[in-house]
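Structure at a glance
Okay, here's what each chain looks like letter by letter:
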Amino acid sequence: MNNLITQNTGEDNVKRLKLIFLAFGLSFSLFFTKIFAKSEVSMDIYIVGAIYALISIVGLLWAFNFQVRIKSFKYLFQSGLFVFSEVIFVLLFFFKQFDRIYEGILLFLLLIFLGGITYTCFLMINIFNVSLYKDLPLLNVAQTASYILTLLMIYFLTFGVLASGFQLYIILPILFGIYIFLLYMQFNEIGVEKSHLWYVVIVIALMNISLLLPFIFVSSNHEVISIVPTIGGFVGGGILTLSGKENIKWQLFWYNFLILIIVCIALYISWF
């Protein structure tokens, strides 16, 4: 029994090291990708993001020693989409070549932060994958992490679409489709009833678009206004958990108050 425990612990440590190497390797390679990238916005950025996503999926298969099931690929795709979104964010946030040293330092610090988030994402995918083989008490933690990472994807992809310079008639359908896809994937994961899953997803996606639309006309500060639909997704997910709880009216009030505060702050920053 002791040998079995030692073996399992050793395997877990090796897997953890692989995940750390993969997460921070992907993040810090972005530093060199940015240095050699073009200085203007182009479709090549999305190709680079897709390449990073594919590398992350293959890397996770390697980290898991290819011990996966068919359902695992749904989670692997989720990790690839997260990596894609953060790559798009980094390359578009720093879309110009570095003119000052502090910009390089800022990118380096951002990549450390993203490396930690990516590692968290990979740990979450690992929990989901292992849960296909046995019951895990950490599954609820992984679902919570998945929700947070979905909100980050909403932020990253909203910023990416806005910063790409598309026309408004292209931006709105793309963002609506992104919100529909991400929210459906997340709410389906946490077990929202199938009977009204699509209704909830479409309502929250429309709310996000409605919150975002005024800012598109008054501001080009994309990193700020992208927070608005992110908070919309957070509030929508929070409202879903209110059923059967006490003081629902007060909680609804605080969720609406949060949206109002975020919108006011975003407007203030955008105009001043």
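Residues numbered from 1 in each chain as written. Predicted model: local features only at pLDDT ≥ 70, side-chain atom pairs only at ≥ 80, totals over all residues. Heavy atoms only, no water.

1. Re the overall build of the protein chain
Along the protein chain, the regular secondary structure elements total 10 helices and 0 strands. Moving toward the C terminus, one meets the helices and strands of the protein chain in the order α-α-α-α-α-α-α-α-α-α. Contacts in the protein chain between residues far apart in sequence, at least 24 positions, make up 75% of those at least 6 positions apart. Taken as a whole, the protein chain presents about 14,700 Å² of accessible surface, with 70% of it coming from carbon and sulfur. (Helix = DSSP H or I, 4+ residues; strand = E, 2+ residues; numbered from the N terminus. Contact = heavy atoms within 4.5 Å. Areas by Shrake-Rupley, 256 points an atom, 1.4 Å probe, with all protein chains shown as cover.)

2. A closer look at the nonpolar core
Phe 122, Leu 175 and Tyr 179 are the most contacted members of the largest nonpolar core, which totals 75 residues. Counting only elements with at least two residues in this core, the list comes to helix 1 (2-36), helix 2 (44-63), helix 3 (72-93), helix 4 (101-131), helix 5 (139-163), helix 6 (168-189) and helix 7 (197-218). With 14 residues, helix 5 is the single largest residue contributor to this core. With near-sequence residues (within four places) excluded, Leu 175 lies in contact with Leu 157, Thr 158, Val 161, Leu 162, Ile 209 and Leu 212. (Core = buried A, V, L, I, M, F, W, Y, C linked by side-chain atoms within 4.5 Å. Buried < 20%, exposed > 50% of the residue type's maximum accessible area, 1.4 Å probe, protein only.)

3. Observations regarding helix 2
Working note: α-helix, 3.6 residues per turn, so residues spaced by three or four point in the same direction. In a regular helix each residue adds 1.5 Å, so 20 residues correspond to 28 Å; helix 2 covers 28 Å between its end C-alpha atoms and thus fits that length. Buried residues of helix 2: Ile 45, Tyr 46, Gly 49, Tyr 52, Ala 53, Ser 56, Ile 57, Gly 59, Leu 60, Leu 61 and Ala 63, and no others. (Expected span 1.5 Å × (residues − 1).)

4. Observations regarding the confidence of the model for the protein chain
Per-residue pLDDT for the protein chain has a mean of 80; in total, 77% of the residues score no lower than 70. For residues 1-7, every residue scores under 50 in pLDDT, and the model assigns this stretch 0 contacts once sequence neighbours within four places are set aside. (pLDDT = per-residue confidence, 0-100.)

5. Details of the layout of surface pockets
Here the largest pocket is characterised by a volume of approximately 700 Å³. Taken together, 22 residues make up the lining of the largest pocket; nearest its centre are Asp 12, Lys 15, Asn 126, Val 130 and Lys 134. Take the lining of the largest pocket: its biggest share by element is 8 residues, from helix 1. (1 Å grid on protein atoms, 1.4 Å probe; cavity = no way out; pocket = protein on both sides within 12 Å on 5 of 7 lines; lining within 4 Å. Points joined across faces, edges and corners; volume = space filled by probe spheres on them.)

6. Remarks on the packing of aromatic side chains
What the rule picks out here adds up to 14 aromatic pairs. Consider the rings of Phe 89 and Phe 93, whose centres lie 5.3 Å apart with planes at 25°: the pair is stacked. Placement of the pair is Phe 89 and Phe 93 together in helix 3, with a separation of 4 residues, close to one helical turn. Residues Phe 93 and Phe 159 carry aromatic rings whose centres are separated by 5.9 Å and whose planes lie at 50° to one another, so their mutual orientation is tilted. Taken as a pair, Phe 93 in helix 3 and Phe 159 in helix 5 lie far apart in primary sequence, 66 residues in all. In this structure Phe 93 comes out as partly exposed when scored by relative accessible area, which is 31%. Residue Phe 159 is classed as buried on the basis of its relative accessible area of 3%. When the ring centre of Tyr 133 is taken as reference, the NZ or CZ atom of Arg 69 above it lies at 4.2 Å. (Phe/Tyr/Trp six-rings, centres within 6.5 Å; stacked < 30°, edge-to-face > 60°. Lys NZ or Arg CZ within 6 Å of the ring centre and 35° of its normal.)

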